[in-house]
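Geometric and topological summary
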Amino acid sequence: MKASIIKDNIKDIMADALVVGVYEGVKSLNTDLAEIDKQLDSAISDMIGSGAFEGKESETLLIYTLGKIPAKKILLLGLGKEEDFKADTIRKVVGKAVKQLEKSKADTAAILPIGLDKNIPPETVGRCIVEGAMLASYKFNKYKTGEEDKENNLEEIYIVNTDNSTEDDMNEGIKTGSALANGTIMARNLINEPSNVVTPEVMADKAMEIANKHGLEVKILEREDIEKLGMGCFLGVAQGSDKPPKLITIKYFGGDKNDEVLGLVGKGLTFDSGGISIKPSSGMEEMKGDMGGAAAVLGAMDVIGTLKPKANVIGIVGTCENMPSGKAYKPGDILNSMGGKTVEVLNTDAEGRLVLIDCIAYALKEGATKLVDIATLTGACVIALGSTTTGLISNNEEFVEDVKVAAEKAGERVWQLPSYPEYKKLIKGDWADLKNSGGREAGTITAGLFLGEFAGENPWVHMDIAGTSMTSDSKIGSAKGATGVGVRTLYHLVKSMEK
Ligand code: BES
Ligand code: MN
Ligand code: ZN
């Protein structure tokens, strides 16, 4: 989808649809709108006056203009109560508008700027409109024969803005919004693809594609390299599968040599069967998405490559399959980690943390001074926070605050869980330093703290996206399946490191 500013007077705009936001309960139209209303024989004011359109959040009403103005139809779009309106409302209502317009077979839409009257900065308005539109328009129907032709895609949006003083900022927002949406869509595609298509090797290919596209340094380590590094935990998880593991590194140095280096570490299980501690068959298909954290890191690196913030970032992905087989690791096995601690395997289904600890140790070796890891790590997080909120665990209050601010900017919800030292007792090993499962109690916290054991003194935040990475029902901003959560939060976090 293309997006740009259009400066025409609204009564002259040529587009399949003109999208007009209206707050709940508003009775009078502004001068521009009053003029088209007149040309439409009061169609708009009649709809509002008669109560046919109330302006409730995401309410829509399509009015055909029958040649009275160049735009073929007008979509009235409810913005909800004025006092509840915030930047994220823009994404939501624009998403709804796009869904409606696609149903009515529109190819182009001009959107009157929403939120500028509420003192939302023009950069934010541009960014949120574009994110809302592009992410709502996303579909993953490539395997449904013939479906591509049936569904209409909105091809181009114009944001109507005749004010020269806000033009540059809004253009900046449009550019940022489309880079973020494209990175998010890249992540969604990787996650929605089945595990027979997206294998560890394909993850590595994708990383190379991203790096080459933006001229970034990329390194793919193979099983032998991973062995040499002493990553016994990562290798333990990978050994049951016929598909070899890959350790992916993408480096982006946009800051000064002495600046902090943020390590972004993603869990990349292209399929998690549970291994010998095999999962129940019901719902196992969702585990094709157990590389959601890795997809978020790759998506964020793509955005970073496009927008080139002045900061230093290393993206690291450990990718493999967790499979039962004659070669598979087993409960009771004791593994060596690259960080030095030994780990007793209580449950082969608690594999993500084993892959991640070796990737965290590697990120530090590669020069990361701060760490964020992102992973579909625990079912317990889905129970605790549901599918709307990502769980956070951290060893540094200041840094976790930065992540919260970045998430707010992204319109993604996060919630920090406690990390009191008492919890660490639950993961102390009986036969080794640590055990990979602390049992059912506080499952998200113990999994997070297990990772934290390998971050040392470096500021570290863990994001558990088990609940937020995929959605089971179609929402306005995201079709059923992958949400691409994390890409935008990670980018805003990187951007916030600029000096
Ligand atoms: N990938 C799963 C977690 C998960 C569950 C992600 C549901 C998305 C949706 C993870 O590897 C896992 O299996 N975790 C176990 C840990 C347990 C064995 C300690 C879990 O949560 O049950
Ligand atoms: Mn598992
Ligand atoms: Zn897993």
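Everything in this summary refers to the structure shown in the same document. (Residues numbered from 1 in each chain as written. Chains lettered and ligands numbered in written order. Predicted model: local features only at pLDDT ≥ 70, side-chain atom pairs only at ≥ 80, totals over all residues. Heavy atoms only, no water.)

By nearness alone, 16 residues border ligand 1, and Lys279, Asp290, Asp349, Glu351 and Gly379 come closest of all. In this structure, Asp290 approaches ligand 1 through a side-chain N or O atom, which is 2.8 Å from a nitrogen atom. Between ligand 1 and Gly379 there is a distance of 2.7 Å, counted from an oxygen atom to a backbone nitrogen or oxygen. Taken by itself ligand 1 offers 520 Å² of open surface, and the protein chains cover 78% of this. Partitioning the shell around ligand 1 into residue classes produces 4 nonpolar, 5 polar and 7 charged. (Near = heavy atom within 4 Å. Polar contact = N/O pair within 3.5 Å; in protein donor to acceptor, adjacent residues only side chain to side chain. Areas by Shrake-Rupley, 256 points an atom, 1.4 Å probe, with all protein chains shown as cover. Nonpolar A, V, L, I, M, F, W, Y, C, P; charged D, E, K, R; others polar.)

What follows deals with the sheet that holds strand β9 (residues 261-272). Pairing is mixed across the open sheet formed by 8 strands, whose spatial order is β7-β8-β10-β9-β13-β17-β14-β15. Looking along the sheet, the strands with just one partner apiece sit at the ends: β7 (217-221) and β15 (413-416). Adjacent strand axes in the sheet meet at a mean angle of 20° when their direction is disregarded. Both β9 and strand β13 (residues 370-375) contribute to a ladder of 5 bridges, which runs parallel. Opposite Val265, over in β13, you have Asp373 as the bridge partner. Contacts from helix α10 (residues 292-307) reach β8 (246-253), β9, β10 (312-322) and β13, with the element oriented near 135° to β9. (Pairing = 2+ DSSP bridges. Helix = DSSP H or I, 4+ residues; strand = E, 2+ residues; numbered from the N terminus. Axes fitted to C-alpha atoms, helices over the stretch in contact; angles between N-to-C directions. Contact = heavy atoms within 4.5 Å.)

Looking now at the pairing of strand β17 (residues 460-464). Consecutive side chains of a regular strand alternate in pointing toward one face of the sheet and then the other. Judged by how many residues are buried, β17 sits mostly within the fold: 5 of 5 residues are covered. Of the two faces of β17, the one lined by Trp460, His462 and Asp464 and the one lined by Val461 and Met463 are each fully buried. Where β13 and β17 come together, 5 bridges link them in parallel fashion. Within β17, the residue paired with Val372 across the bridge is Val461. Where strand β14 (residues 389-394) and β17 come together, 4 bridges link them in antiparallel fashion. What sits directly across from Ser394, in β17, is Val461. (Buried < 20%, exposed > 50% of the residue type's maximum accessible area, 1.4 Å probe, protein only.)

Glancing now at the pattern of salt bridges. For the coordinates displayed, the defined rule picks out 32 salt bridges. Among the salt bridges present, the one from Lys139 reaches Glu102, with a minimum N-O distance of 2.8 Å. Of this pair, Lys139 sits in the loop between α4 (122-137) and α5 (147-150) while Glu102 sits in helix α3 (residues 87-103), placing them 37 residues apart in sequence. Among the salt bridges present, the one from Lys267 reaches Glu351, with a minimum N-O distance of 3.0 Å. Placement of the pair is Lys267 in strand β9 and Glu351 in the loop between β12 (342-344) and α11 (352-365), with a sequence separation of 84 residues. One network of salt bridges, with partners in common, ties together Asp88, Arg91, Glu131, Glu412 and Arg488. (Salt bridge = Lys/Arg side-chain N within 4 Å of Asp/Glu carboxyl O.)

A word on the sheet that holds strand β2 (residues 17-22). One open sheet accounts for 6 strands, arranged β1-β6-β5-β2-β4-β3; its pairing is mixed. Of all the strands in the sheet, the pair left with one neighbour each is β1 (2-6) and β3 (60-64). Across the sheet, the axes of successive neighbouring strands diverge by a mean angle of 25°, strand direction being ignored. Pairing geometry for β1 and strand β6 (residues 156-160), over 5 bridges, is parallel. Along β6, the bridge assignment pairs Ala3 with Ile157.

It is worth spelling out the coordination of the manganese ion (ligand 2) at this point. In the first shell of the manganese ion (ligand 2), the protein supplies Asp272 (OD), Asp349 (O), Asp349 (OD) and Glu351 (OE), at 2.0 to 2.2 Å from the metal. The coordination sphere of the manganese ion (ligand 2) comprises 6 donor atoms, whose angles at the metal cover 71 to 166°; the geometry is irregular. In primary-sequence terms, the residues that donate to the manganese ion (ligand 2) follow D-x76-D-x1-E. Here the manganese ion (ligand 2) and the zinc ion (ligand 3) are spaced 3.2 Å apart, linked through Asp272, which binds each one. Here Asp272 is found in strand β9, whereas its partner Glu351 is found in the loop between β12 and α11, with 79 residues between them in sequence. (Donors = N, O, S within 2.8 Å, 3.2 Å for Na, K, Ca; no water. Tetrahedral: all angles 85-135°; square planar, octahedral: opposite > 155°, others 65-115°.)

Moving on, we get to the environment of Ala87. Summarising the element assignment, Ala87 is placed in helix α3. In sequence terms Ala87 and Ile374 are 287 residues apart; their C-alpha atoms lie 25 Å from each other. Those residues in contact with Ala87, other than ones at most four positions away along the chain, are Ile120, Thr124 and Cys128.

Once that is clear, we can look at the coordination of the zinc ion (ligand 3). Surrounding the zinc ion (ligand 3) are the protein donor atoms Lys267 (NZ), Asp272 (OD), Asp290 (OD) and Glu351 (OE), which sit 2.0 to 2.4 Å from the metal. Its 6 donor atoms give the zinc ion (ligand 3) angles of 77 to 172° at the centre, a pattern that matches the octahedral case.

What follows concerns the state of the cysteines. In the structure shown here, the tally under the stated rule is 0 disulfides. Note on Cys233: no disulfide assigned, nearest cysteine sulfur contributed by Cys359 at a separation of 11 Å. Residue class for Cys233 comes out buried when judged on its relative accessible area of 0%. Of all cysteine sulfurs in the structure, the one in Cys320 sits closest to Cys359, which takes part in no disulfide; the separation is 8.8 Å. (Disulfide = S-S within 2.5 Å.)

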